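# Coordinate analysis (summary)
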Amino acid sequence: MSAFDSVVKHLKRVTLFGVLAVGLLVASPLLDPRLIHGADTLPHYYTLVQLDDLVRQGVLYTRWFPYKASGFGAPFFQYYAPLAFYVAEGFVLLSLEMLAAFRLAWGLTLVGSALGTYLWARDTLDEGPALVSATAYVCAPYMLFNAFFRGGYTEQFALLLMPWVLWAFRRLAVTRRAPYLAAGALGYALLHLVHTLTAMIFSPALFAYTIVLAKEYARPAGGLRAWRNQLLMLWVPIGLGLGLSAFFWLPAFLERNALMTELVSGSPALDYRYNFISLRQLFSTPLTAAPRPALSLIAASLAAVALFAQVRKRSRASFAWQIWLAALINGGCILLALPFSAWLWDALPLLHLFQFPYRFLSVAVVFLAFLAGAGVQSLGQMLHAKKTSVTRWSCFGILLTIVGLLVSQTRVLGQVSYYPPLPAIDVGFIMQKERETAPIIGKYASVYMPTGVKELPPLEQQAQDGPERLDMDSLPIGASLLAAAYTPLRYDLIVSTPKAFVARFRTFYFPGWTAQLDGQPVAMAVTEPHGQISVEIPAGEHRLAVWFGSTTLRTAATLLSLTSVVVLCLAPVAVVCYNSRQKRQVGS
């Protein structure tokens, strides 16, 4: 065995450790015990604090967050994907301090992103190019910007899941084994539950990827029918993933009219027209010490090598279609992030939901990482054609140099800043902070305001941190509250009143809130212009119950998800039957 062959043999053994080392390097700013000062970091941490309070009161999952909007509540988990917060909450319940749990969950997304990209790329490329792909992904300027400067905690989980989903679908195409079908379905469902907008951007790319996989891995002898069967098999986990996560995304999409969406379009910070990136800002080099949503110029150069090799037939890539698809996806995502596409954003209202056109780079970066690895592999194949020891050592040196250049992009981490040590934070502290900022930013204090909230209630109505929800000022003279039991999502009262009146609650109305008077359903009204829950109470002594429940749509969506769970459990049997039939057809 030559010295070079010996190095290559050991390289295969240590590449995985190199991937983990790069991931840990990128995650190193999270070792600081302080909270990273990102644009969205503190709001995400506040959400975790509120979730922990609800869980400890026995509310394991709810669409309604009673502590949002200065304590009047908001349908936060109705529209904002919840799963990333539950990951951190899991560490909290394991007795980890809350900020440490938050940082740990965040750090795992970075290490997991590197590992997932390596496994996905390694399924197609050699170990060295797969290492380049993993490094290009986790060290991508967009990844670093989102994690440490924008503070996109939930989007980091989406960046973690995308390469794992692609890996599962490719393994399913190659092996046709049930575990990969389940992994693909679960991964795709989880993607919707950690960051819905990224899942929406990723879905067309995944759909196109399945078409390419079906073309490349369908049994040639089967012709068009084999390609069709392979494609249908790959679409099964997509359908199951949508079904598994339907309990969340279906109501979020179809009940958008219950939310004041104009709040989003009215704020420059959340309006797409103010968040395009210029062509000059699109690419970043290791010498660019400005954190921004951008792609790596190094990775883009390697991608150009991969495409050049395909055009010039200089590479023996058996995955040529995947290379061209990755290039097409990158081109589409880049165009949607540039001001050139403003006319398309204006014409398609659905695009307005994404708020930041540069979000599309989140999907571009994972396919660009694959192209970077493919470029290294193509370069190696072209150099290896000379079959000299010097050329082989040159390839090894080039590989290490490229990895080093990609890692050098992390120099931007020297600009990461932190909050001073945080005080003790509880839900009362968070509500008080919202009350302090509401007069400054007005109705934009929450972009999850129900449609009935035309303006915020007076400050004196907001100044109450206890569990009491009934506004005592709404009781007439002589009326009394005989008993009251408040939980985050339910209010039980016994009221005695000499005359009829309208009971007003310090809670915004949103579909799902229901009331019963003396055990019978009672109509619920919405106050003008503050959008609070109100119930008409007749004279006498009455029992009033108010709680947050479901709607017909949410119940149907939940049943769809439960049905998908059953189908997922039965899917392995269908896969076994499919494989057996395919073997019989080949044998005949």
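Residues numbered from 1 in each chain as written. Predicted model: local features only at pLDDT ≥ 70, side-chain atom pairs only at ≥ 80, totals over all residues. Heavy atoms only, no water.

## A word on the overall build of the chain
Scanning the chain from N- to C-terminus turns up 21 helices and ten strands. With 588 residues in all, the chain has 55% of them scored as buried. If you take every contact in the chain between residues at least 6 apart in sequence, the share linking residues at least 24 apart comes to 76%. When the accessible surface of the chain is totalled, it reaches about 25,100 Å², and 65% of it is carbon and sulfur. (Helix = DSSP H or I, 4+ residues; strand = E, 2+ residues; numbered from the N terminus. Buried < 20%, exposed > 50% of the residue type's maximum accessible area, 1.4 Å probe, protein only. Contact = heavy atoms within 4.5 Å. Areas by Shrake-Rupley, 256 points an atom, 1.4 Å probe, with all protein chains shown as cover.)

## Remarks on the confidence of the model for the chain
A residue-level look at the chain finds 87% of positions with pLDDT of 70 or above and a mean pLDDT of 87. Here residues 1-7 is a poorly scored stretch, pLDDT under 50, and it has ten contacts once near neighbours within four places are set aside; other chains count. Low pLDDT, under 50, characterises residues 440-445; the predicted model gives this stretch eight contacts beyond four residues in sequence or across chains. (pLDDT = per-residue confidence, 0-100.)

## Examining the pairing of strand β4 (residues 490-497)
Within a regular strand, side chains alternate between the sheet's two faces. Across seven bridges, the pairing between strand β3 (residues 480-487) and β4 is antiparallel. Bridged to Ala 483 within β4 is Ile 494. Linking β3 back to β4 in an antiparallel pair, the connection comprises two residues. The pairing of β4 with strand β10 (residues 540-548) spans eight bridges and is antiparallel. Looking at β10, one finds that Leu 493 is bridged to Leu 544. (Pairing = 2+ DSSP bridges.)

## A closer look at the pattern of salt bridges
Following the criterion strictly, the structure yields eleven salt bridges and no others. A salt bridge links Asp 123 to Arg 170; the nearest nitrogen and oxygen atoms lie 2.7 Å apart. Residue Asp 123 is found in the loop between α5 (98-122) and α6 (127-138), and its partner Arg 170 is found in helix α8 (residues 153-175); the two are separated by 47 residues along the sequence. Salt bridges here are not isolated pairs; linked through shared partners, they connect Asp 123, Arg 170 and Arg 171. (Salt bridge = Lys/Arg side-chain N within 4 Å of Asp/Glu carboxyl O.)

## Considerations on helix α14 (residues 297-311)
Helix length check: α14 (15 residues) gives 21 Å between terminal C-alpha atoms against 21 Å at 1.5 Å per residue, within 8%. Among the residues making up α14, those that are buried are Ile 298, Ala 299, Ala 300, Leu 302, Ala 303, Ala 306, Ala 309 and Gln 310. The N-cap of α14, judged by a side-chain oxygen 3.3 Å from the amide nitrogen of Ile 298 a few residues on, is Ser 296. (Expected span 1.5 Å × (residues − 1). Polar contact = N/O pair within 3.5 Å; in protein donor to acceptor, adjacent residues only side chain to side chain.)

## Topic: empty space enclosed by the protein
Summed over the entire model, instances satisfying the criterion amount to three cavities of 30 Å³ or more. Of the pockets and cavities examined, the largest cavity occupies roughly 100 Å³. Along the wall of the largest cavity there are 13 residues; nearest its centre are Pro 141, Ser 284, Ala 290, Pro 291 and Val 412. A per-element tally of the lining of the largest cavity places helix α7 (residues 141-150) first, with three residues. Among the residues making up the lining of the largest cavity, the classes are represented as eight nonpolar, four polar and one charged. (1 Å grid on protein atoms, 1.4 Å probe; cavity = no way out; pocket = protein on both sides within 12 Å on 5 of 7 lines; lining within 4 Å. Points joined across faces, edges and corners; volume = space filled by probe spheres on them. Nonpolar A, V, L, I, M, F, W, Y, C, P; charged D, E, K, R; others polar.)

## Section: the sheet that holds strand β7 (residues 520-521)
If you trace the five strands from one edge of the open sheet to the other, you get β3-β4-β10-β6-β7, paired in antiparallel fashion. Only two strands of the sheet have a single partner each, and these edge strands are β3 and β7. By the bridge criterion, two bridges tie strand β6 (residues 513-517) to β7 in an arrangement that is antiparallel. Paired with Leu 517 across the bridge in β7 is Gln 520.

## Section: the nonpolar core
In terms of nonpolar packing, the biggest core is built from 177 residues, with Phe 148 and Phe 505 touching the most fellow members. Element by element, the count of residues in this core is highest for helix α17 (residues 361-384), at 13 residues. Aside from chain neighbours lying at most four places away, what touches Phe 148 is Val 26, Ala 27, Pro 29, Leu 30, Ile 36, Leu 110, Leu 413 and Val 416. (Core = buried A, V, L, I, M, F, W, Y, C linked by side-chain atoms within 4.5 Å.)

## Observations regarding unusual backbone geometry
The residue after Glu 528, namely Pro 529, is reached through a cis peptide bond having omega 0°. Here Pro 529 shows up in the loop between β8 (525-526) and β9 (532-537). A positive phi is found at Ser 95, a non-glycine position, where the angle reads about 80°. On the secondary structure map, Ser 95 appears in the loop between α4 (83-93) and α5. Even without a glycine there, the phi angle at Gln 355 is positive, about 65°. If you trace the backbone, Gln 355 turns up in the loop between α16 (342-347) and α17.

## A short note on the packing of aromatic side chains
Summed over the entire model, instances satisfying the criterion amount to 39 aromatic pairs. Both rings, one in Trp 167 and one in Tyr 180, keep their centres 5.7 Å apart while their planes meet at 85°; by these two values the pair is edge-to-face. One end of the pair, Trp 167, is in helix α8; the other, Tyr 180, is in helix α9 (residues 178-194), and 13 residues separate them in sequence. Feature note: the residues Tyr 45, Phe 65, Phe 76, Phe 77, Tyr 80, Phe 85, Tyr 86, Phe 102, Trp 106, Tyr 153, Phe 157 and Tyr 448 constitute an aromatic cluster, connected by ring pairs. Directly above the aromatic system of Phe 76 lies the positively charged group of Lys 68, at a separation of 4.2 Å from the ring centroid. For Arg 256, the ring lying beneath its charged end belongs to Phe 253, and the centroid distance is 4.3 Å. (Phe/Tyr/Trp six-rings, centres within 6.5 Å; stacked < 30°, edge-to-face > 60°. Lys NZ or Arg CZ within 6 Å of the ring centre and 35° of its normal.)

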